[in-house]
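Residue-level structural notes
Read off the chains here:
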Amino acid sequence: MKFNNRNVWIDPSAKIAEGVRIGDNTVIYANVEIGDGTVIANDCVIGEPIADFYENPDYHHPKTIIGKNGLIRSHAIIYVGCEFGDEFQTGHRVCIREKTKIGDNCRVGTLCDLQGDLKIGNSTWLHSGVFASKGTTLGDYVIVYPHCVFLDDKHPPSDQLQGAVVDDYVQIGARSVIMPAVEIGQHALIASSSTITKNVGSNDFVAGTPAKRMKDVRDILLASGEKAYPWPYRFDRGMPWSKIGHDQWLKQQEP
Amino acid sequence: MKFNNRNVWIDPSAKIAEGVRIGDNTVIYANVEIGDGTVIANDCVIGEPIADFYENPDYHHPKTIIGKNGLIRSHAIIYVGCEFGDEFQTGHRVCIREKTKIGDNCRVGTLCDLQGDLKIGNSTWLHSGVFASKGTTLGDYVIVYPHCVFLDDKHPPSDQLQGAVVDDYVQIGARSVIMPAVEIGQHALIASSSTITKNVGSNDFVAGTPAKRMKDVRDILLASGEKAYPWPYRFDRGMPWSKIGHDQWLKQQEP
Amino acid sequence: MKFNNRNVWIDPSAKIAEGVRIGDNTVIYANVEIGDGTVIANDCVIGEPIADFYENPDYHHPKTIIGKNGLIRSHAIIYVGCEFGDEFQTGHRVCIREKTKIGDNCRVGTLCDLQGDLKIGNSTWLHSGVFASKGTTLGDYVIVYPHCVFLDDKHPPSDQLQGAVVDDYVQIGARSVIMPAVEIGQHALIASSSTITKNVGSNDFVAGTPAKRMKDVRDILLASGEKAYPWPYRFDRGMPWSKIGHDQWLKQQEP
């Protein structure tokens, strides 16, 4: 079917594990390493070179690493120098610029545009169409909903760029804008359509443009009357505490 | 020119009508049916399989149906199980996930990302960059302007997902966010940059974040002093009442 | 590496200068002219025909011109009738519709969607994911930050379309919406997440939805206490006053 090797080009220096499947029209550049069980769909570019490649005859091409059991959907462009953990999944047409480090079990949705040098923890998911400036940092178990934008320049244009820092378990509602250099604390919840202009404390629920604190997330109730947050007590699909429960899993993490 | 069959792959089980033209580098999967006169441009994937395809050796590939006289512009990804009517047009790089049903004479703009299981009526147009969650429902003669987002999760993350329901003739201004499960009544008008957090009545003009009712759409005047809405009395390009007038056409629809 | 001519198709009538490099899977249509030193990366379409091409057997294909020393990154779709100056750079997956005129030293970021008939001056940059309606006009040294949207229809749907007009040196913050037909004066600064519903004066700093004037840009200070604006006195990377200073360069421009 798909994996019939039409128009595929793989650099001889690439280290592709035995069980990797590669779709038609895909290009794998030099020094790419792909772990066992990963699928790279059709029309992808893995190890895309930076602009220097086109100009500098002495250009050196660093390593690009994708872990095991991943699924890179079609038309992805993954730049050189990226390193992604195991079970990494993308939607279609993602573009992840150079030197972005992503942990295990992460997802990057269709049309995400990550500008490079990002640091992303484990089990963090970006839904469709997220734009993140260079140097944005996201912790573990963060979920960013569609079309969020992370910025890095307070007084544009400038060369004093500083990305946002988002702590573990944060949920960022769709279409939100995160201004440069802000810090968002653990378990915070950002309402859809917010603009975050200053730091957000742990467990704060914020909303608006500019966003204001509305309440503690632990005071948000579901229709059933149960507490909606912290969310790991009611949602575990794809998360490491799946089937164990969050408290039990937290105990297991203790040294 | 374009239709020279370079690097095209068509599954033998696909049923492609005589007058269909298919661009270079396009892939047509199993059980796809394409009606006469339709153009599938270059670099498209029609009948894209769901993730199960990569994992399950017993994977079965359902039908995907595209009607007559359509134009699918380049780099479209249309998933398996979609069914689209006649005269269906897309911009470039649309991604329409599985089991989306779309009527006749519809348009889906460049970079739209439809997450699957949508139901869309007839003569409904989505402009560029619209994101719609799974299960979003749009009626007939709805126009969604660029970069709107339709959500489905009130207390993210959860598995209690419910898409919005938009009735006939609604106009949704650019960059608006439609929250989960809201219902928008016939002929409503949503201002650009709005966030719709609760139901909108028929003929309501709403604006803001969260959106508030501003007035009845029938009280909005053009610079000329004429009523701007209901819009079918002043706009008919590509609509079924073209040249007949809306009232005359409505009469013809009566049983 | 990349320029090995796999699956490339170039119309015999295209005029490609000696030093142009063209990536795999790229298609160059009739009457395209590309200046010396320009790189067209992989999977691009240059001179993409308008819909008439598919329907009209007498279709005539106008010229498309790209200047010298440009870099068109992969998966760009540049329509027929566009004319771009020298040193033109794009991100990935841009789509620039027909008859768009762009000056020298301009940049159009990843996923930008320009709807045609735009007029853009020199040294103007569009960051990622900008959507601009047909007929939008941008001056020189304008910077548009990610995910901005330029509209053209006051009472949608209609055929009375009029794009915005943006004067020189304007900075438009991320995720802003520019309503139809507004004019934005020289050196104005638009805060992120704004919606511009009426004209903005020169040197005005505006913010909000709808945007209101906050202050004169010359009253905005950096953390250092220095004036942040007009920005050309503190930022020159890639600008023609680089190394000369803005005042000195302005003097050189005088007749």
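Owing to the predicted nature of the structure, the values given are computational and were not obtained by experimental measurement. (Residues numbered from 1 in each chain as written. Chains lettered and ligands numbered in written order. Predicted model: local features only at pLDDT ≥ 70, side-chain atom pairs only at ≥ 80, totals over all residues.)

1. Let's talk about the overall build of chain A
Stated formally: In this description a helix means any DSSP run of H or I spanning at least four residues, a strand means any run of E spanning at least two, and both kinds are numbered starting from the N terminus. C-alpha atoms define the radius of gyration, and 2.2 Å times the number of residues to the power 0.38 defines the globule rule. Two residues qualify as being in contact provided that their C-beta atoms, derived from the backbone, are within 7 Å of each other.
When helices and strands are tallied, chain A shows 2 helices and 30 strands. On C-alpha atoms alone, chain A measures out to a radius of gyration of 19 Å, which is about the 18 Å that the 2.2 N^0.38 rule sets for 255 residues. Taking the principal axes of its C-alpha atoms as reference, chain A extends roughly 55 × 50 × 35 Å. Pairs at least 24 residues apart make up 25% of the contacts formed inside chain A by residues separated by at least 6 positions.

2. Concerning the relation of the copies chain A and chain B
Going by this rule: To line up the copies, we fit them by least squares on C-alpha atoms, keeping just the residues with pLDDT of at least 70 in both.
For the pair chain A and chain B, the superposition axis carries a translation of 0.0 Å, the fit reaches an RMSD of 0.0 Å, and the rotation angle comes to 120°. Here the copies are linked by what is in effect a three-fold axis. Taken together, the interface assignments show that only 19% of the residues at the interface of chain A recur at the interface of chain B, consistent with different surfaces on the two copies.

3. So, the pairing of strand 7 (residues 45-48) of chain B
Going by this rule: We treat two strands as partners when DSSP finds at least two bridges between them.
Note that strand 4 (residues 27-28) of chain B and strand 7 of chain B share 2 bridges and pair parallel. From the neighbouring strand, valine 27 of chain B faces strand 7 of chain B, where its bridge partner is valine 45 of chain B.

4. Some details on the interface of chain C and chain A
This is how the line gets drawn: Asp, Glu, Lys and Arg are counted as charged, while Ala, Val, Leu, Ile, Met, Phe, Trp, Tyr, Cys and Pro are counted as nonpolar; the rest, among them Gly, fall into the polar class.
Residue-level contacts link 27 residues of chain C with 23 residues of chain A. Considered class by class, the residues forming the side of chain C that touches chain A number 11 nonpolar, 12 polar and 4 charged.

5. Brief notes about the sheet that holds strand 10 (residues 77-79) of chain B
Residues and elements named next belong to chain B. The 10 strands lie next to each other as 1-4-7-10-13-16-19-22-25-28, forming an open sheet whose pairing is parallel. Two strands lie at the open edges of the sheet, namely strand 1 (9-10) and strand 28 (195-196), each paired on one side alone. Two strands pair when backbone bridges link them, and strand 7 and strand 10 are joined in this way by 3 bridges, in the parallel orientation. The residue bridging isoleucine 46 from the neighbouring strand is isoleucine 78, located in strand 10.

6. Points about the interface of chain A and chain B
With 27 residues of chain A at the interface, the matching set in chain B holds 23 residues. The residue inventory of the side of chain A that touches chain B, partitioned by class, reads 11 nonpolar, 12 polar and 4 charged.

7. Remarks on the environment of phenylalanine 88 of chain C
Residue placement: phenylalanine 88 of chain C occurs in the loop between strand 11 (83-84) and strand 12 (89-90). Spatially, the C-alpha atoms of phenylalanine 88 of chain C and valine 144 of chain C are 16 Å apart, while their sequence positions differ by 56 residues.

8. Regarding the sheet that holds strand 20 (residues 137-138) of chain A
Residue and element names in this part refer to chain A. Taken in spatial order, the 9 strands make up an open sheet running 2-5-8-11-14-17-20-23-26, and their pairing is parallel. At either margin of the open sheet sits one strand with a lone partner, and together these are strand 2 (15-16) and strand 26 (183-184). Pairing between strand 23 (residues 165-166) and strand 26: 2 bridges, direction parallel. Along strand 26, the bridge assignment pairs valine 165 with glutamate 183.

9. A word on the confidence of the model for chain A
Note the threshold: Known as pLDDT, the predictor's per-residue confidence is scaled from 0 to 100.
On average, residues of chain A carry a pLDDT of 96, and 99% of them reach 70 or more. Prediction confidence for the complex, expressed as pTM and ipTM, is 0.97 and 0.96 respectively.

10. Looking at the environment of glycine 225 of chain A
Mapped onto the fold, glycine 225 of chain A is located in the loop between strand 30 (211-216) and helix 2 (246-253). Sequence-wise, glycine 225 of chain A and isoleucine 22 of chain A are 203 residues apart; in three dimensions their C-alpha atoms are separated by 48 Å.

11. Observations concerning unusual backbone geometry
Heads up, the rule is: Every C-beta atom is placed from the backbone, and the number of other C-beta atoms within 10 Å of a residue's own sets its class: buried at 20 or more, exposed at 12 or fewer, partly exposed in between.
In this model, threonine 209 of chain A is joined to proline 210 of chain A through a cis peptide bond whose omega is -5°. Position of proline 210 of chain A relative to the elements: it lies in the loop between strand 29 (204-208) and strand 30. A cis amide bond, omega -5°, links proline 156 of chain C with the succeeding residue proline 157 of chain C. Along the chain, proline 157 of chain C falls in the loop between strand 22 (149-150) and strand 23 (165-166). Positive phi, normally seen in glycine, also occurs at serine 193 of chain A, with a value near 65°. Tracing the chain through its elements places serine 193 of chain A in the loop between strand 27 (189-190) and strand 28 (195-196). Its 28 C-beta neighbours within 10 Å are what place serine 193 of chain A among the buried residues. One non-glycine residue with positive phi stands out, namely glutamate 87 of chain B, at about 55°. Topologically, glutamate 87 of chain B is positioned in the loop between strand 11 (83-84) and strand 12 (89-90). Residue class for glutamate 87 of chain B comes out buried when judged on the 21 C-beta atoms lying within 10 Å of it.

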